[in-house]
Amino acid sequence: MGRPVILLAAGLGGAKRGFGELKIPRFAANCFVELGALDKGSERAVIRDWIKKEGGAKGDPAAWIDAIAQETHGWPQHIQSYANLAADQLKTFGRIMESDQLNAVLEAGRESRKEYYKERVDGFFGDEIQCLVNSIPDNPSGPPASRIDIMSSLTKKYGDREAKDLFDRFIRKGILEKSGAGLVVPIPSMHAWMKDEYSREKIEFPREQQISRGLHERSSGLER
């Protein structure tokens, strides 16, 4: 091009490996930045700016900031979503911070958060997510899951080749990422949502599978 060029690139867990496949195995010092959750101070500052500068809120926004921060967990996507909803709510209802308006913001934010999680797991069958969920800790704040435990669970259910493909797709979609010596769901609230949404009791089999399972169980009982 005849002039200096700066390339800015962003991606999920597999982005760095993608550069490796393009024969770019490493980056210059300070040129690779792992993005994650904001610290508490930054989180509150961003929410405050949205409420005061964009929403034009009248009065002290501390209560709204506290409530929204309890829901966003420092995650930029959630902060932007909740804070944008808060700003729109304030502009629509006279910029006055009332508890009813805050409750509406929180409810809309939770629905937006669920849609975001559903989009992240789109492309996977429920049993595939369930298999992953059963191999990671119940508590999002717990230690990372080991790759061996996750692969063992996937391999037992789907076989070697399909298990490897599933594992790679979980990484590419940002559902799993490396943390220390193990792997985590990068968004703690998404970890909790997956555990709740895909717990064994909540996965319902299609009716024909239920009938088939019932016949099989009765048949097994007769054999015994």
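Note that this is a predicted model, so its numbers are computed, not measured.

Draft legend 1. The arrangement of the overall build of the chain in detail. Per the secondary structure count, the chain includes 10 helices and 2 strands. When the elements of the chain are put in sequence order from the N terminus, they spell out α-α-α-α-α-α-α-α-β-β-α-α. By the burial criterion, 33% of the 224 residues in the chain qualify as buried. Of the roughly 14,700 Å² that the chain leaves accessible, carbon and sulfur atoms contribute 51%.

Draft legend 2. Representation of the nonpolar core. By size, the foremost hydrophobic cluster in this structure holds 29 residues, and its most contacted members are Ile150, Leu154, Phe170, Leu176 and Met194. Breaking this core down by element, the ones donating at least two residues are helix H5 (99-120), helix H6 (126-133), helix H7 (147-158), helix H8 (160-172) and helix H9 (188-197). It is H8 that contributes the most residues to this core, 5 residues altogether. Phe170 has contacts with Phe124, Glu128, Ile129, Leu132, Leu154, Ile175 and Leu176, leaving out every residue within four places of it along the chain.

Draft legend 3. Here's a closer look at the packing of helix H3 (residues 62-72) against helix H4 (residues 76-92). One can describe the packing of H3 onto H4 by two numbers: an axis separation of 9 Å at closest approach and a directional angle of 145°. For the pair H3 and H4, the crossing hand works out as right-handed. Contacts between H3 and H4 pair Trp64, Ile68, Glu71 and Thr72 from the former with His78, Ile79, Tyr82, Ala86 and Leu90 from the latter. In terms of residue class, the contact of H3 with H4 is built from 6 nonpolar, 2 polar and 1 charged.

Draft legend 4. Structural view of the environment of Glu71. Of note, Glu71 is situated in helix H3. Taking the C-alpha atoms as reference points, Glu71 and Leu106, 35 residues apart in sequence, are found 7.9 Å from one another. With residues near it in sequence (within four places) discarded, Glu71 still touches Tyr82, Leu106, Arg110 and Arg113. Engagement of the side chain of Glu71 in a polar contact is seen with the side chain of Tyr82, the distance being 3.0 Å. Of note is the side chain of Glu71, whose polar atom sits 2.6 Å from the side chain of Arg110.

Draft legend 5. Up close: the packing of H6 against H8. Packing of H6 against H8 leaves a shortest axis separation of 12 Å and a crossing angle of 80°. With respect to H8, the axis of H6 lies roughly perpendicular. Only Glu162, Leu166, Arg169 and Phe170 of H8 make contact with H6, whose side of the interface consists of Glu128, Ile129 and Leu132. When the residues that make up the contact of H6 with H8 are grouped by side-chain class, the tally is 4 nonpolar, no polar and 3 charged.

Draft legend 6. The packing of aromatic side chains, seen in detail. Inspection of the entire model under this criterion finds 6 aromatic pairs. On the numbers, 5.4 Å between centres and 80° between planes, the contact of Phe19 with Phe27 is edge-to-face. On the accessibility criterion, Phe19 (18% relative accessible area) is buried. For Phe27, a relative accessible area of 29% gives the class partly exposed. Ring geometry for Tyr116 and Tyr117: centres 5.9 Å apart, planes at 55°, overall tilted. Here Tyr116 and Tyr117 have matching classes, each one buried. In this structure an aromatic cluster arises from ring pairing among Tyr116, Tyr117, Trp193 and Tyr198. Its guanidinium or amino end placed over the ring of Phe167, Arg147 lies 5.3 Å from that ring's centre, counting from NZ or CZ.

Cut-offs used in this document
- Residues numbered from 1 in each chain as written.
- Predicted model: local features only at pLDDT ≥ 70, side-chain atom pairs only at ≥ 80, totals over all residues.
- Heavy atoms only, no water.
- Helix = DSSP H or I, 4+ residues; strand = E, 2+ residues; numbered from the N terminus.
- Buried < 20%, exposed > 50% of the residue type's maximum accessible area, 1.4 Å probe, protein only.
- Areas by Shrake-Rupley, 256 points an atom, 1.4 Å probe, with all protein chains shown as cover.
- Core = buried A, V, L, I, M, F, W, Y, C linked by side-chain atoms within 4.5 Å.
- Contact = heavy atoms within 4.5 Å.
- Axes fitted to C-alpha atoms, helices over the stretch in contact; angles between N-to-C directions.
- Left-handed = near helix turned anticlockwise from the far one by under 90°.
- Nonpolar A, V, L, I, M, F, W, Y, C, P; charged D, E, K, R; others polar.
- Polar contact = N/O pair within 3.5 Å; in protein donor to acceptor, adjacent residues only side chain to side chain.
- Parallel < 35°, antiparallel > 145°, perpendicular 65-115°, else oblique.
- Phe/Tyr/Trp six-rings, centres within 6.5 Å; stacked < 30°, edge-to-face > 60°.
- Lys NZ or Arg CZ within 6 Å of the ring centre and 35° of its normal.

The values reported here are purely geometric and, on their own, carry no functional implication.
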